[in-house]
Amino acid sequence: MRFRHPDGTTVHLSYCTNVHPAETLDGVLTQLRDHCEPVRKRLGRDRLGIGLWLARDAARALTTDPAALRGLRAELDRRGLEVVTLNGFPYEGFGADEVKHRVYRPDWAEPERLTHTADLARLLAALLPDDVTEGSVSTLPLAWRTRWDEHTAATAHTALTTLAERLDALEELTGKSIRIALEPEPGCIVETTADAIGPLTAVASPRIGICVDTCHLATSFEQPGPALDALTAAGITIPKAQLSAALHAEHPHLPGVREALAAFAEPRFLHQTRTLPRPHRAEKPPSAAHLHGTDDLHEALAADALPDASPWRAHFHVPLHAPPAPPLTSTLPVLRATLARLAGGPTPLTRHLEVETYTWQALPDAQRPRSRAQLADGIAAELTLARDLLTDLGLKELP
């Protein structure tokens, strides 16, 4: 979906296909038929943007077979789909029964991450619509925090610098500008936007910026205004933003609230949980050091694991249009405030927006979609909400 900002800029809205497990190229093609095209038809659109997730095997198949890449591009066109952004965070296995920490490997200190991301950039340059010259690829925020020392930090810096050089060469060759966006996430080396400023300033390339995920932003209790102002002041670009909402518990000390939270503690994904127990100046974004947290929701629910006199937020992407029932809620207000700063100003801070609720099948049993049709209905409802937020900010939906 495309929108015209009042300044004349085109802003793209898509949804991320990592919600549909597929590790191979055949699986990706099946996604387009069984999921993406039905969502487009529900929205009554001739064209729908998707944030494509290409796992390692699918990406390799496309990079080694130009005919396969042309075939994917033709299939996108045939089904009324377009791609301006890729989700390069998960490398493989995102559809497994247990993902947890596996999603952070390989990290930016491992050569496979550079190879995969460079491949994705080349593929995206070939998949971009003819009238679009800019693409984005989101990626993990360097590494999970336990795999980090001076050596790995230096290796990751070299890898990102090398990637920036390859992206410069790619634009010279293709005329397409591909930018990479590190996505801060709780538990990682770059947990907050504040944590991103140092590493990205050291790389010092406009090709390498940040992906603002509004679920992660909220989980880390960042205030959107100060966080985005700090990025702007540091000269950090925002190639992409992901529109998502976290799980919020206002009164985690209450037994009924803990019981409700326990329904979201599931075995597939990590649901890092955070609280901000000490007063913190809103004008200065918090770093991970200001937060108390656990690496998963079930750990937080253990006795005395977290202070419970202040609200808790958990990294669980809940559907934008359907917050959990009381006594829980979602951080949709943080999404609204962030989007207002990203797209509601005189010029947009990013041109790529992606709805990323990949946890539909991890929701408590009563809230899970029971069929492909129900999942398509839910994704279409999320995109409708995002569309309405953008038009309320003065953007005009384009055909």
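You'll find the structure just up there.
These figures come from a predicted structure and were not determined experimentally.

### Points about the packing of aromatic side chains
- In total, this model carries seven aromatic pairs according to the counting rule given.
- When the ring of tryptophan 53 is compared with that of phenylalanine 94, the centres are 6.0 Å apart and the planes differ by 65°; the resulting orientation is edge-to-face. Of the two residues, tryptophan 53 sits in the loop between β3 (48-52) and α2 (56-64) while phenylalanine 94 sits in the loop between β4 (81-87) and α4 (111-127), which places them 41 residues apart along the sequence.

### Remarks on the nonpolar core
- Counting 112 residues, the largest nonpolar core has Leu13, Tyr15, Leu54, Ile208 and Leu383 as its most contacted members.
- In terms of residue count, the dominant contributor to this core is helix α12 (residues 372-392) (nine residues).
- In contact with leucine 54, other than residues within four places in its own chain, are Val28, Ala59, Leu62, Leu86, Asn87, His116, Leu120 and Leu123.

### Some details on the pairing of strand β8 (residues 240-243)
- Because side chains alternate across β8, one face comprises the buried residues Lys240 and Gln242, and the other comprises Ala241 and Leu243, equally buried.
- For β8 and strand β14 (residues 352-355), the ladder comprises three bridges, and the chain directions are parallel. Each residue of the ladder has a partner; that of alanine 241, found in β14, is leucine 353.

### Description of the environment of threonine 152
- In this fold, threonine 152 is placed in helix α5 (residues 150-174).
- Accessibility expressed as a relative area gives 12% for threonine 152, which makes it buried.
- Once the C-alpha coordinates of threonine 152 and glutamate 110 are considered, the two residues, 42 residues apart in sequence, prove to be 8.6 Å apart.
- With residues near it in sequence (within four places) discarded, threonine 152 still touches Ala109 and Arg147.
- In terms of polar contacts, threonine 152 uses its side chain to reach the backbone amide nitrogen of aspartate 149, at 2.7 Å.

### Examining helix α3 (residues 66-78)
- Here α3 is 13 residues long and its end C-alpha atoms lie 18 Å apart, about the 18 Å a rise of 1.5 Å per residue gives.
- Among all positions in α3, only Ala68, Leu69, Leu72, Arg73, Glu75 and Leu76 are buried. Along the axis of α3, the buried residues cluster in a sector spanning 160°; they form a single face. Exposed side of α3, more than 90 degrees from the buried face: Pro66, Arg70 and Arg78 are the residues found there.
- Elements that come into contact with the buried residues of α3 comprise α1 (25-43), β3, α2, β4 and α4.
- Its side-chain oxygen 3.0 Å from the backbone nitrogen of alanine 67, aspartate 65 forms the N-cap of α3.
- Note on α3: the residue one or two positions beyond its end, glycine 80, has a positive phi of about 70°.

### Let's talk about the sheet that holds strand β10 (residues 273-275)
- Read across the sheet, five strands follow the order β11-β10-β12-β9-β13 without closing on themselves; strand pairing throughout is antiparallel. Edge positions in the sheet fall to β11 (292-294) and β13 (328-330), since each of these pairs with one other strand and no more. Taken pair by pair, the neighbouring strands of this sheet meet at an average axis angle of 30°, ignoring direction.
- Both strand β9 (residues 245-249) and β13 contribute to a ladder of three bridges, which runs antiparallel. Residue pairing across strands places histidine 248 opposite threonine 329, the latter belonging to β13.

### Digging into the pattern of salt bridges
- Tallying each qualifying case throughout the model produces 31 salt bridges.
- In this structure, the salt-bridge partner of aspartate 296 is lysine 100, at a minimum N-O distance of 2.5 Å. Of this pair, aspartate 296 sits in the loop between β11 and α10 (297-300) while lysine 100 sits in the loop between β4 and α4, and the two are 196 residues apart along the sequence. Lysine 100 carries the same exposure label as aspartate 296, and that label is buried.
- Of the charged contacts in the structure, one is a salt bridge between aspartate 388 and arginine 387, with a shortest N-O distance of 3.5 Å.
- Classification of aspartate 388 by relative accessible area gives partly exposed; the value is 34%.

Rules of the game
Residues numbered from 1 in each chain as written. Predicted model: local features only at pLDDT ≥ 70, side-chain atom pairs only at ≥ 80, totals over all residues. Heavy atoms only, no water. Phe/Tyr/Trp six-rings, centres within 6.5 Å; stacked < 30°, edge-to-face > 60°. Helix = DSSP H or I, 4+ residues; strand = E, 2+ residues; numbered from the N terminus. Core = buried A, V, L, I, M, F, W, Y, C linked by side-chain atoms within 4.5 Å. Buried < 20%, exposed > 50% of the residue type's maximum accessible area, 1.4 Å probe, protein only. Contact = heavy atoms within 4.5 Å. Pairing = 2+ DSSP bridges. Polar contact = N/O pair within 3.5 Å; in protein donor to acceptor, adjacent residues only side chain to side chain. Expected span 1.5 Å × (residues − 1). Arc of directions from axis to C-beta. Axes fitted to C-alpha atoms, helices over the stretch in contact; angles between N-to-C directions. Salt bridge = Lys/Arg side-chain N within 4 Å of Asp/Glu carboxyl O.

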